[in-house]
Amino acid sequence: MTASLTQTREPSPAPSLQPTGWLRYLSFSLDHKVIGLQYIVCGFLFYFVGGALAGVIRTELATPISDFVSREVYNQVLTLHGTVMIFLWIVPVVNGGFGNYLIPFYVGARDMAFPRLNAVAFWMIPPSGLLLISSYFVHGGAAQSGWTAYPPLSLTTPATGQILWILSVLLLGGSSIFGGINFIATIVKFRQPGLKLMMLPMYCWAMLGTSILVVLATPVLAGTLILLSLDIVAHTGFFNPGLGGNVVVYQHLFWFYSHPAVYIMVLPAFGLVSEILPVHARKPLFGYVTMVYSIMAIVILGLIVWAHHMFTSGTPPWMRLFFTIATAFIAVPTGIKFFNWIATLWQGRLALTTAMLFSCAFIIQFVFGGITGVALAQVPFDVHVHDTYFVVGHFHYIVYGGTVFVIFASIYHWYPKFTGRLLNEPLGQLHLLLTVIGFNLCFAPQHWLGLNGMPRRVAEYDPSFTVVNQISSVGALMMAISTLPFLINVIGSAFRGPRAGDNPWRALTPEWLTTSPPPVENWRGAPPLVKEPYGYGHSGNPIDLQTARGRDLWTSQP
Amino acid sequence: MRIPPAIITLVLGMMLVLFGLWVANDVSLLPESASLNAPVYDELFKVLLAIGTVLLLGITGIVIYSLVRFRRRQGDSLDGEPIEGNLALELFWTAVPAVVVLFIGIYSYDIYDRMGGMQSLSMHDHAPREQLASVRHAEPSDQDRLWGGIGIRGSADVLPVEVTALQFAFIFHYPEQNITSGELHVPTGRPVELRLRANDVIHAFWVPQFRLKQDVIPGQQTVLSFTARKPGDYPIVCAELCGPYHGGMRSHVVVHNPDDFSSWLEKTAPPTLS
Ligand SMILES: [Cu+2]
Ligand SMILES: [Cu+2]
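Residues numbered from 1 in each chain as written. Chains lettered and ligands numbered in written order. Predicted model: local features only at pLDDT ≥ 70, side-chain atom pairs only at ≥ 80, totals over all residues. Heavy atoms only, no water.

Caption draft 1: Here's a closer look at the sheet that holds strand 3 (residues 169-174) of chain B. Residue and element names in this part refer to chain B. Pairing is mixed across the open sheet formed by six strands, whose spatial order is 1-9-6-2-3-4. With one partner strand each, in any of the chains shown, strand 1 (148-150) and strand 4 (179-181) form the two edges of the open sheet. Taking each pair of neighbouring strands and ignoring which way they run, the sheet shows an average axis angle of 20°. Two elements, strand 1 and strand 9 (residues 222-227), share three bridges in a ladder whose sense is parallel. Its bridge partner being in strand 9, Ile-150 is matched across the sheet by Leu-224. Relative to the sheet, helix 6 (residues 258-268) contacts strand 2 (159-166), strand 3 and strand 4, its axis offset from that of strand 4 by approximately 95°. (Pairing = 2+ DSSP bridges. Helix = DSSP H or I, 4+ residues; strand = E, 2+ residues; numbered from the N terminus. Axes fitted to C-alpha atoms, helices over the stretch in contact; angles between N-to-C directions. Contact = heavy atoms within 4.5 Å.)

Here it is in structure tokens:
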């Protein structure tokens, strides 16, 4: 299959007017690979901003009194931290970044369905990110009402910062919707002839499900935020109880988007892990069909569980019961995916690469976040720990221990594809070790803090929690340090890394069946038709699989 | 002689379950329990902790075992076995979590019912309204509507307290004694019904030792009922971001013996009004 594609590497006579070389990464490029890398690099820049903000939070919380920044600035910092990390780092990178780079390969297309819309969607992100961060410097400072912007607090804090926050999130939501439409069109309509839906790599399914959520839920957030901004600038009373408005309605509308937003952040990560594990385990992805159905079940269930964020607001009892059961049931399709990944590892021949190890750390940490998630779905449990550090610990296990770990795994896996060079493995494993220890040191103790009485979003706390908060802050410091080996590795290897060859992992998915990095239109000849992207173990195995037992396979090695 | 893997698996599984039960029963992760519903809550917590511990350690163990046992040796470029799935296994790990999750859901519903969470608020709010009307001036009935919260089981001998949350304090008013206080004082063994109102932004009333929390929502009165069990002084914490001093918005609930509570009432009640 690969023979005809690994040809000579002469430069193609690029007839396009697009800039080439480094400049194209700063241009309005229409190449999906350039746009994908633009998303990823831009996302990492915002990740460092969000990380610095987290550093401010953990420094403030190293002592029980408010002594590092003023209380107003602290609330601005926690608002910006949440907004930057969600809307400028995780959502753009796992959707726009890897989605743009990989989806056209996976469907056998030369680009996305709407390349111009694609470039527009990316170029909405840097200005809205700068707008958001610059709001810190306007009169009154940035928004202070948390990333949830609950009224009436968001109506009473300084208006300029809040309006800039709304504008920025609206632009980012628009970018996300454009991306979602593009992915749906590409996956459904741009598959090459002969490529059936059930032959697609799992990441396509994850992106299809995610994009459905984006297109259904993000407009609700946009509408809600427009009403909120009218309440602020035009003094309407949609969410202002003083004018007959209802603040709980805002919460319903907000969480109708923002619970699915969790799946917009984790479903693509599930897809990426499903690509990484089979390659490094040398085994087919276990249970392809159930994996597909479980993604779709998560999409449907994800749309009907939003009120679990409101168990302590004014929700009627029957509603609490319904949302408990619906939320807890998401554990079933999610569990299926995890058991299938473990079955993919079982009896494989696991290369203990950094990509593989980050993926395994993801599995364990996400399972922990999932267990606390099922607990939080139970109303009586949630009544105690809602809005406490238990919840902070829980969702960081989902979005950081889950998705961000997968982003790192993906960088280690696809870096040779992006650049044609290998990353340094020992440095990668140092990065992994520091991140795993730092992350768990930072966020595991927060569950205890929440159970024992520390609410979230506070700049000061009961002095009896000092030691545990300091442990958490040390973990955060380790996480900050852990990015250094990563940065050295990624920047250094771009210039000095050993040549990777076209397919260093001997992978079967279509993005590897071309040169690394790939040419402008992805393949020099016709795109290969890959009907079995996970067909490992079918050929080249000298042991007869019908008669051999597992033990023979492990012992008969040179 | 080799021990069959099935037996090793069985023994490991049994040890794991025993360890989970030990963690749930002997590792204390919760603060003191000081209300009648706190032990009920702690029961649910133990069940969740046992299941969670077994699941987390089990999966961690399997992943680490796989990484060690199935790691690729130097120079090996062969593939693993081409196993693409197994319907029986898929059914197994769909059905078992579904049953466990359903069990937890029904169990926690039962717990929530025992806490009073499933009490119908609209039917109940009739009697106290008449009492309160005698204290406050007459208001439109919509003002007294209860929008949510945890109601009371049985209504004998309830101590009503009106709670007002504002940036950045809680104010407690005892309508029957016309006492206003910055701290909540309650007796042991007598049901207390808090009616919570906010004047500015959303706050949340939380007593970790009671395992109870309720948002205090401007324009929507909510209710929170509990019965204190253990005398002591416990923190009241605001749990919903409400502005710059949110972290400092704290108070106390002092739980007295019934006799001490009566003397507190006598000591504190304003002498002029009676
Ligand atoms: Cu949610
Ligand atoms: Cu408050």
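Don't stop here, the text continues.
Caption draft 2: Here's a closer look at the pairing of strand 7 (residues 203-207) of chain B. All names here are of chain B. With five of five residues buried, strand 7 is to be regarded as a mostly interior element. Side chains His-203, Phe-205 and Val-207 project from strand 7 onto one buried face, and the interleaved Ala-204 and Trp-206 project onto a second face that is buried too. Where strand 7 lies against strand 8 (residues 212-216), five bridges are found, and the strand directions are antiparallel. Paired with His-203 across the strands is Val-216, a residue of strand 8. Between strand 7 and strand 8, which pair antiparallel in sequence order, lie four residues; one of them, Arg-211, sits at a positive phi of approximately 60°. Two elements, strand 7 and strand 10 (residues 232-238), share two bridges in a ladder whose sense is antiparallel. Bridged to Trp-206 within strand 10 is Val-237. (Buried < 20%, exposed > 50% of the residue type's maximum accessible area, 1.4 Å probe, protein only.)

Caption draft 3: Representation of the domain arrangement of chain B within the structure. All names here are of chain B. If you check the domain split of chain B, you get domain 1 (5-69 + 87-114) and domain 2 (122-268). In this assembly, 15 residues from domain 1 lie in contact with 12 residues from domain 2. Ranking the residues of domain 1 by area buried against domain 2 places Glu-32, Ala-34 and Leu-36 at the top, with a combined share of 42%. Applying the counting rule to domain 1 against domain 2 returns two salt bridges. Its salt-bridge partner being Asp-42, residue Arg-211 comes within 2.9 Å of it at the nearest N-O pair. Where domain 1 touches domain 2, the interface holds 11 residue pairs in polar contact (both at pLDDT 80 or more). The set of elements that each furnish at least two residues to the side of domain 1 that touches domain 2 consists of helix 2 (38-69) and helix 3 (87-115). Of the residues assigned to the side of domain 1 that touches domain 2, the class counts are eight nonpolar, three polar and four charged. (Domains from an automatic or database assignment. Buried area = accessible area lost by both parts, 1.4 Å probe. Salt bridge = Lys/Arg side-chain N within 4 Å of Asp/Glu carboxyl O. Polar contact = N/O pair within 3.5 Å; in protein donor to acceptor, adjacent residues only side chain to side chain. Nonpolar A, V, L, I, M, F, W, Y, C, P; charged D, E, K, R; others polar.)

Caption draft 4: Inspection of the sheet that holds strand 5 (residues 184-187) of chain B at higher detail. Residue and element names in this part refer to chain B. In space, the five strands of this open sheet follow the order 5-11-10-7-8, with mixed pairing throughout. Looking at the sheet topology across the chains shown, the edges are occupied by strand 5 and strand 8. The mean inter-strand angle of the sheet, taken between neighbouring strand axes irrespective of direction, is 25°. Here four bridges tie strand 5 to strand 11 (residues 250-256), and the two strands are oriented parallel to one another. Within strand 11, the residue paired with His-185 across the bridge is Val-254. The sheet contacts of helix 6 involve strand 5 and strand 11, and relative to strand 5 the element is tilted by about 135°.

Caption draft 5: Molecular detail of the interface of chain A and chain B. Contacts between chain A and chain B engage 98 residues on the former and 84 residues on the latter. Here chain A packs against chain B, burying approximately 7800 Å² in sum over the two surfaces, 67% of which is carbon and sulfur. Contact with chain B buries surface across chain A, with A:Arg349, A:Pro380 and A:His384 losing the most and accounting together for 8% of the total. Seen at the junction of chain A and chain B, the total is two salt bridges.

Caption draft 6: Highlighting the coordination of the copper ion (ligand 1). Of the protein atoms, only A:His259 (ND1), A:His308 (NE2) and A:His309 (NE2) coordinate the copper ion (ligand 1), at distances of 1.7 to 2.0 Å. Mapped onto the sequence, the donors of the copper ion (ligand 1) take the spacing H-x48-H-H. (Donors = N, O, S within 2.8 Å, 3.2 Å for Na, K, Ca; no water.)

Caption draft 7: View of the coordination of the copper ion (ligand 2). Residue and element names in this part refer to chain B. With distances of 2.1 to 2.4 Å, the protein atoms coordinating the copper ion (ligand 2) are His-203 (ND1), Cys-238 (SG), Cys-242 (SG) and Met-249 (SD). One can describe the site at the copper ion (ligand 2) as tetrahedral: its four donor atoms subtend angles covering 91 to 123° at the metal. Positions of the donor residues of the copper ion (ligand 2) along the chain correspond to the pattern H-x34-C-x3-C-x6-M. Taken together, the residues span a long stretch of sequence, with His-203 in strand 7 and Cys-238 in strand 10 at a distance of 35 residues. Judged by relative accessible area, His-203 falls into the buried class, the value being 0%. (Tetrahedral: all angles 85-135°; square planar, octahedral: opposite > 155°, others 65-115°.)

Caption draft 8: Representation of unusual backbone geometry in the model. Residue A:Ser516 is joined to A:Pro517 through a cis peptide bond whose omega torsion reads -10°. Mapping A:Pro517 onto the fold places it in the loop between helix 16 (466-496) and helix 17 (550-555). A cis amide bond links B:Gln167 with the next residue in sequence, B:Phe168, at an omega value of 0°. Summarising the element assignment, B:Phe168 is placed in the loop between strand 2 and strand 3. Its identity as a non-glycine residue notwithstanding, A:His235 has a phi of 60°, on the positive side. Mapped onto the elements, A:His235 comes out in the loop between helix 7 (202-233) and helix 8 (247-281). On the basis of relative accessibility, which here comes to 60%, the residue A:His235 falls in the exposed class. Here the phi dihedral of B:Arg211 falls at roughly 60°; this positive angle occurs in a residue that is not glycine.

Caption draft 9: Expanded view of the environment of A:Thr515. Residue and element names in this part refer to chain A. With respect to the helices, strands and loops of the structure, Thr-515 is situated in the loop between helix 16 and helix 17. For Thr-515, a relative accessible area of 5% puts it in the buried group. Separated by 116 residues in sequence, Thr-515 and Val-399 have C-alpha atoms that sit 33 Å apart. If we ignore the near neighbours within four places in the chain, the residues touching Thr-515 are Lys-417 and Asp-502. At 3.1 Å, the side chain of Thr-515 forms a polar contact with the backbone oxygen of Pro-517.

Caption draft 10: Spotlight on the nonpolar core. A:Phe98, A:Phe381, B:Leu184 and B:Phe205 are the most contacted members of the largest nonpolar core, which totals 232 residues. Broken down by element, this core gets its largest block of residues, 22 residues, from helix 2 (residues 71-107) of chain A. For this core, the two domains that each supply at least three residues are domain 1 (5-69 + 87-114) and domain 2 (122-268) of chain B. Sequence-distant contacts of B:Phe205, that is, excluding residues within four places in its chain, are made with B:Phe170, B:Phe172, B:Leu184, B:Leu194, B:Leu196, B:Leu212, B:Lys213, B:Gln214, B:Val216, B:Leu224, B:Ile236 and B:Val237. (Core = buried A, V, L, I, M, F, W, Y, C linked by side-chain atoms within 4.5 Å.)

Caption draft 11: Structural context of the packing of helix 2 of chain A against helix 8 of chain A. Residues and elements named next belong to chain A. Two numbers describe how helix 2 lies on helix 8: the axes approach to 10 Å, and their chain directions differ by 45°. Judged by the inter-axis angle, helix 2 sits oblique to helix 8. Here the hand of the crossing between helix 2 and helix 8 comes out left-handed. Residue-level contacts link Ile-86, Phe-87, Ile-90, Val-91, Val-94, Asn-95, Phe-98, Leu-102 and Tyr-106 of helix 2 to Tyr-257, Ile-264, Met-265, Pro-268, Leu-272 and Glu-275 of helix 8. (Parallel < 35°, antiparallel > 145°, perpendicular 65-115°, else oblique. Left-handed = near helix turned anticlockwise from the far one by under 90°.)

Caption draft 12: Representation of the packing of helix 9 (residues 288-302) of chain A against helix 11 (residues 331-345) of chain A. Residues and elements named next belong to chain A. Orientation of helix 9 relative to helix 11, taken along the N-to-C sense of each, is 150°, at an axis distance of 8 Å. The pairing of helix 9 with helix 11 is recorded here as roughly antiparallel in orientation. Crossing geometry of helix 9 relative to helix 11 is assigned as left-handed. In this structure, helix 9 contributes Thr-290, Met-291, Ser-294, Ile-295, Ala-297, Ile-298 and Leu-301 to the contact, and helix 11 contributes Pro-333, Thr-334, Ile-336, Lys-337, Asn-340 and Trp-341. When its residues are assigned to classes, the contact of helix 9 with helix 11 shows eight nonpolar, four polar and one charged.

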